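# Chains, contacts and geometry: an overview
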Amino acid sequence: MPQRAAIVTGASSGIGLALAHLLGQEGHALTIAARRPEKLDSARAELEEAGCDVVAVAADLGDEDAIRRVVATHRERHDRLDVLVNNAGVGIGEPIGELTTRKLDIQLATNLRSLPIFYRECLDLLERAGADDRNALVVNTASVAGKHGEAWLSVYSATKAGVIAFTQSMNAELHDRGIKSTALCPAFVDTPMTDFIKDRLPAEAMIQVSDVVESVRFLLRTTPGCVVPEIVFTGPGGALGVQSA
Ligand SMILES: NC(=O)c1ccc[n+]([C@@H]2O[C@H](COP(=O)([O-])OP(=O)(O)OC[C@H]3O[C@@H](n4cnc5c(N)ncnc54)[C@H](OP(=O)(O)O)[C@@H]3O)[C@@H](O)[C@H]2O)c1
């Protein structure tokens, strides 16, 4: 059994891949998950190249059975869980009058519904880590769009507001088991997800993935008595999102 272990979802790209690298460097054996097998496999190869012990599970996390498969694979391979990163997410812009029910459901299922299912499926493993050092950690990637509703990204904003509230609930419910949760709430980060707006907001003017990585490095070093419920990252002058780009 490894000393420490972590699950990172949405780890084939952007923030999730960078957090997987961080957790690997910090001594965690990893299980990574995302939908597209080829992208996930190249992330796995990259992490192995960097010296990580990693298993990859291609899974659509909008599907409950797929979540169970990710957790079962992790349990079989690593049998402990110190850090869970619920990071997989998708943002689909649509004006409300043209809302597509399928796109509504994809965002609800991936960005929000998957989180309670992950907590439930991982709870015994997190409880064991919490009993060891009172410092099991769950990082939920929300968004500044969850703090401030965005036009055209209303469903995305609603799911991310849900992530923030759910994270608060988990801190209220699980603190006595040594399990701490943090919602990360960034404005635009330079990842493939923001390619659509890079003609209006240059990549170098955005928050960098390294900023998010450093915030999680900090969370890993907090003592058991310190809970960080959320971290909000804005652009200069408090710039938030699409409207301010
Ligand atoms: N970039 C930003 O400006 C920004 C700002 C605030 C919050 N966020 C949040 O940060 C998180 C990571 O985004 P990113 O910017 O790093 O974007 P990204 O580079 O597009 O990465 C998204 C990751 O999620 C995976 N994913 C998407 N839908 C999935 C599903 N149904 N099941 C499993 N995996 C799925 C993707 O792989 P597959 O597509 O192959 O599944 C990919 O690995 C998201 O939750 C996003 O909402 C991003």
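The structure reproduced in this document is the subject of the present report. (Residues numbered from 1 in each chain as written. Predicted model: local features only at pLDDT ≥ 70, side-chain atom pairs only at ≥ 80, totals over all residues. Heavy atoms only, no water.)

### What about the overall build of the protein?
Heads up, the condition is: Helix and strand definitions follow DSSP, with helices as H or I runs of at least four residues and strands as E runs of at least two, each counted in order from the N terminus. As a reference, a globule follows 2.2 Å times the number of residues to the power 0.38, and the radius of gyration itself is taken over C-alpha atoms. Remark: exposure states derive from per-residue accessible area (1.4 Å probe, protein chains only) relative to the maximum for the residue type, with buried under 20%, exposed over 50%, and partly exposed in between. The contact rule is simple, with two residues in contact once any of their heavy atoms fall within 4.5 Å. Note on areas: Shrake-Rupley with a 1.4 Å probe; residue coverage comes only from the protein chains shown. Only four residue types enter the tally: Lys and Arg on the positive side, Asp and Glu on the negative side; His and the chain ends are excluded. For charged residues, the charge sits on one atom: NZ in Lys, CZ in Arg, CG in Asp, CD in Glu.
Helices and strands together make up the secondary structure of the protein, namely 6 helices and 7 strands. When the helices and strands of the protein are listed from N to C terminus, the series reads β-α-β-α-β-α-β-α-β-α-β-α-β. In terms of overall dimensions, the protein is globule-like: its C-alpha atoms have a radius of gyration of 17 Å, near the 18 Å expected for 245 residues. By its C-alpha atoms, the protein is 50 × 40 × 35 Å across when sized along the principal axes. Looking at the protein as a whole, 52% of its 245 residues qualify as buried. In the protein, of all internal contacts separated by at least 6 residues, the share reaching a separation of at least 24 is 69%. As presented, the protein carries roughly 10800 Å² of accessible surface, and 53% of it is formed by carbon and sulfur atoms. Separation of charge centres in the protein, based on 24 positive and 32 negative side chains, amounts to 2 Å.

### A look at the sheet that holds strand β3 (residues 54-58)
Keep this limit in mind: Only strands joined by at least two bridges in the DSSP assignment are considered to pair. To obtain an axis, a line is fitted to C-alpha atoms, over the contacting stretch when the element is a helix, and the angle between two such axes runs from 0 to 180 degrees between their N-to-C directions.
Pairing is parallel in the open sheet, where 7 strands are placed in the order β3-β2-β1-β4-β5-β6-β7. The open sheet terminates on both sides in strands that have one partner only, identified here as β3 and β7 (230-233). Neighbour-to-neighbour, the strand axes of the sheet open up by a mean angle of 15°, direction not taken into account. Summarising the sheet, strand β1 (residues 4-9) and strand β2 (residues 28-34) pair through 6 bridges and their orientation is parallel. By the bridge assignment, R4 is partnered in β2 with H28. Set on the sheet, helix α1 (residues 14-25) makes contact with β1, β2 and β4 (83-86); between it and β2 the angle comes to about 165°. Most of the contacts of helix α2 (residues 37-49) go to β3, to which it runs at about 175°, and overall it touches β2 and β3.

### Overview of the nonpolar core
Operational definition: What we call a nonpolar core is a set of buried Ala, Val, Leu, Ile, Met, Phe, Trp, Tyr and Cys residues that are connected through their side-chain atoms within 4.5 Å.
Counting 36 residues, the largest nonpolar core has L23, L30, I32, L47 and L184 as the members making the most contacts within it. In terms of residue count, α1 provides more of this core than any other element does, 7 residues in total. For L184, the residues in contact, after removing those within four places along its chain, are V139, N140, T141, A142, S143, V212, S215, V216, L219, I231 and F233. C122, L126, A129 and I164 belong to the second-largest nonpolar core, a separate cluster that totals 31 residues.

### Let's talk about the site of the ligand
Filter applied, for reference: Nearness is judged by heavy atoms alone; a residue qualifies as near a molecule or strand once a single heavy atom is within 4 Å of it. Residues adjacent in sequence count toward polar contacts only when both atoms are side-chain atoms; beyond that, a polar contact is any pair of N or O atoms within 3.5 Å, and within protein one must be able to donate a hydrogen and the other to accept it. Each residue receives one of three labels: charged for Asp, Glu, Lys and Arg, nonpolar for Ala, Val, Leu, Ile, Met, Phe, Trp, Tyr, Cys and Pro, and polar for the others, Gly being one of them.
The environment of the ligand is formed by 29 residues, the closest being S12, S13, Y156, V189 and T191. Between a nitrogen atom of the ligand and a main-chain N or O atom of L61, the distance comes to 3.0 Å. Alone, the ligand offers 870 Å² of accessible surface; in the complex the protein occludes 95% of this. For the shell around the ligand, the elements supplying multiple residues, two or more each, are α1 and α5 (154-174). Considered class by class, the residues forming the shell around the ligand number 14 nonpolar, 11 polar and 4 charged.

### Quick notes on the layout of surface pockets
By rolling a water-sized probe across the atoms, one finds the places where empty space is left. Using the following cut-off: Buriedness for pockets is judged along seven lines, at least five of which must meet protein on both sides within 12 Å for an open set on the 1 Å grid over protein atoms alone, while cavities are sets there where a 1.4 Å probe fits but cannot get out, and lining residues have an atom within 4 Å of a point. Grid points are joined across faces, edges and corners, and a volume is the space filled by probe spheres set on the points.
Its boundaries defined by the atoms lining it, the largest pocket holds a volume of some 900 Å³. Lining the largest pocket are 40 residues, with G89, V90, G91, T191 and M193 positioned closest to its centre. Secondary structure elements with two or more residues in the lining of the largest pocket: α1 and α5. Here the element with the most residues in the lining of the largest pocket is α1; it accounts for 3 residues.

### A word on empty space enclosed by the protein
Counted under the stated rule, the structure contains 1 cavity of 30 Å³ or more. Taken as a whole, the largest cavity holds about 40 Å³ of empty space. Surrounding the largest cavity, I92, E94, L99, Q107, W152, L153, S154 and V155 form its lining. For the lining of the largest cavity, the per-class residue count stands at 5 nonpolar, 2 polar and 1 charged.

### Focus: the pattern of salt bridges
Worth spelling out the cut-off: The salt bridge criterion pairs a side-chain nitrogen of Lys or Arg with a carboxyl oxygen of Asp or Glu, the two atoms within 4 Å.
A complete count under the given rule lists 23 salt bridges for this structure. With its nearest N and O atoms 3.1 Å apart, the salt bridge here joins E26 to R221. Of this pair, E26 sits in the loop between α1 and β2 while R221 sits in helix α6 (residues 209-221), and the two are 195 residues apart along the sequence. On the accessibility criterion, R221 (53% relative accessible area) is exposed. A salt bridge links E230 to K147; its shortest N-O distance comes to 2.6 Å. One end of the pair, E230, is in strand β7; the other, K147, is in the loop between β5 (136-141) and α5, with 83 residues separating them in the sequence.

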